[in-house]
Amino acid sequence: MERVLKVYMERPGFGVGCCPIEYGRIEMESFPMAAEMRRMGELLRNVRDHFGESVRLELIDPRNVIALKDVFRFRIRSTEVAWILDGKLLLRGIPSSWDDLRCSLDAVLGAGNE
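We now turn to the structure provided with this report. (Residues numbered from 1 in each chain as written. Predicted model: local features only at pLDDT ≥ 70, side-chain atom pairs only at ≥ 80, totals over all residues. Heavy atoms only, no water.)

In this model, helix α4 (residues 98–109) (12 residues) spans 16 Å end to end at C-alpha, consistent with the 16 Å of a helix rising 1.5 Å per residue. All of the buried residues along α4 are Trp-98, Leu-101, Leu-105, Asp-106 and Leu-109. Relative to the axis of α4, the buried residues are bounded by an arc of 130° and lie together on one face. One or two residues past the end of α4 sits Gly-110, with phi positive at roughly 95°. (Helix = DSSP H or I, 4+ residues; strand = E, 2+ residues; numbered from the N terminus. Expected span 1.5 Å × (residues − 1). Buried < 20%, exposed > 50% of the residue type's maximum accessible area, 1.4 Å probe, protein only. Arc of directions from axis to C-beta.)

See below:
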């Protein structure tokens, strides 16, 4: 059975009409969640390295209309990170370390993925 870890986090970008506009390097420095995105990048790489193909990782912007079901169900705000594993809320916010995140995931997924 494939396990799915959905990570809800605001993407740096905005839309004008139907055309998305991405933040450039300079704009990214002023993006309110820039530091959090750098921390998240390291955590997400560790998830991929540790769990490999046994966990499908999906990154979702909570402002996406397709995400509305989970946004309402789990009351996800665009300014927070939410970790949904197999349809259940696992964590809110960014764990302080990889070990904290790994322990939370291992408790649900099992420690057999070393």
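Ordered in space as β4-β1-β5-β6, the 4 strands form an open sheet in which the pairing is mixed. Edge positions in the sheet fall to β4 (55–60) and β6 (88–92), since each of these pairs with one other strand and no more. Each adjacent strand pair in this sheet contributes to an overall mean axis angle of 20°, direction not counted. Examined bridge by bridge, strand β1 (residues 3–8) and strand β5 (residues 82–85) share 4 bridges and lie antiparallel to one another. Residue pairing across strands places Tyr-8 opposite Ala-82, the latter belonging to β5. (Pairing = 2+ DSSP bridges. Axes fitted to C-alpha atoms, helices over the stretch in contact; angles between N-to-C directions.)

Moving on to a nonpolar patch on the surface. On the surface, a nonpolar cluster with roughly 470 Å² of combined accessible area is contributed by Val-65, Ile-66, Leu-68 and Phe-72. With respect to the secondary-structure elements, Leu-68 resides in helix α3 (residues 68–74). Here Leu-68 falls in the partly exposed class, since its relative accessible area comes to 35%. (Patch = residues over 30% accessible without salt bridge, like charges linked within 9 Å, V, L, I, M, F, W, Y side chains within 5 Å. Areas by Shrake-Rupley, 256 points an atom, 1.4 Å probe, with all protein chains shown as cover. Salt bridge = Lys/Arg side-chain N within 4 Å of Asp/Glu carboxyl O.)

Time to look at the pairing of β5. Neither face of β5 is exposed, since Ala-82 and Ile-84 on one face and Trp-83 and Leu-85 on the opposite face are all buried. Here 4 bridges tie β5 to β6, and the two strands are oriented antiparallel to one another. When the bridges of β6 are listed, Trp-83 appears paired with Leu-91. Counted between consecutive antiparallel strands, the loop separating β5 from β6 contains 2 residues, among which Asp-86 sits at a positive phi close to 50°.

Next up on the list: the environment of Glu-58. Here Glu-58 lies in strand β4. C-alpha separation for the pair Glu-58 and Ile-84, spaced 26 residues apart in sequence, amounts to 9.7 Å. In contact with Glu-58, not counting residues within four places along its chain, are Val-4, Leu-5, Lys-6 and Val-7. (Contact = heavy atoms within 4.5 Å.)

The next subject is the environment of Ala-82. On the secondary structure map, Ala-82 appears in strand β5. Along the primary structure Ala-82 and Val-7 are separated by 75 residues, whereas in three dimensions their C-alpha atoms are 5.8 Å apart. Dropping the residues within four chain positions of it, Ala-82 is found in contact with Lys-6, Val-7, Tyr-8, Ile-76, Leu-89 and Leu-91.

Moving on: unusual backbone geometry. Of note in the backbone geometry, Arg-75 takes a positive phi value of approximately 55° without being a glycine. By secondary structure assignment, the location of Arg-75 is in the loop between α3 and β5. In this model, Asp-86 sits at a positive phi of 50°, which is unusual for a non-glycine residue. Relative to the helices and strands, Asp-86 is located in the loop between β5 and β6.

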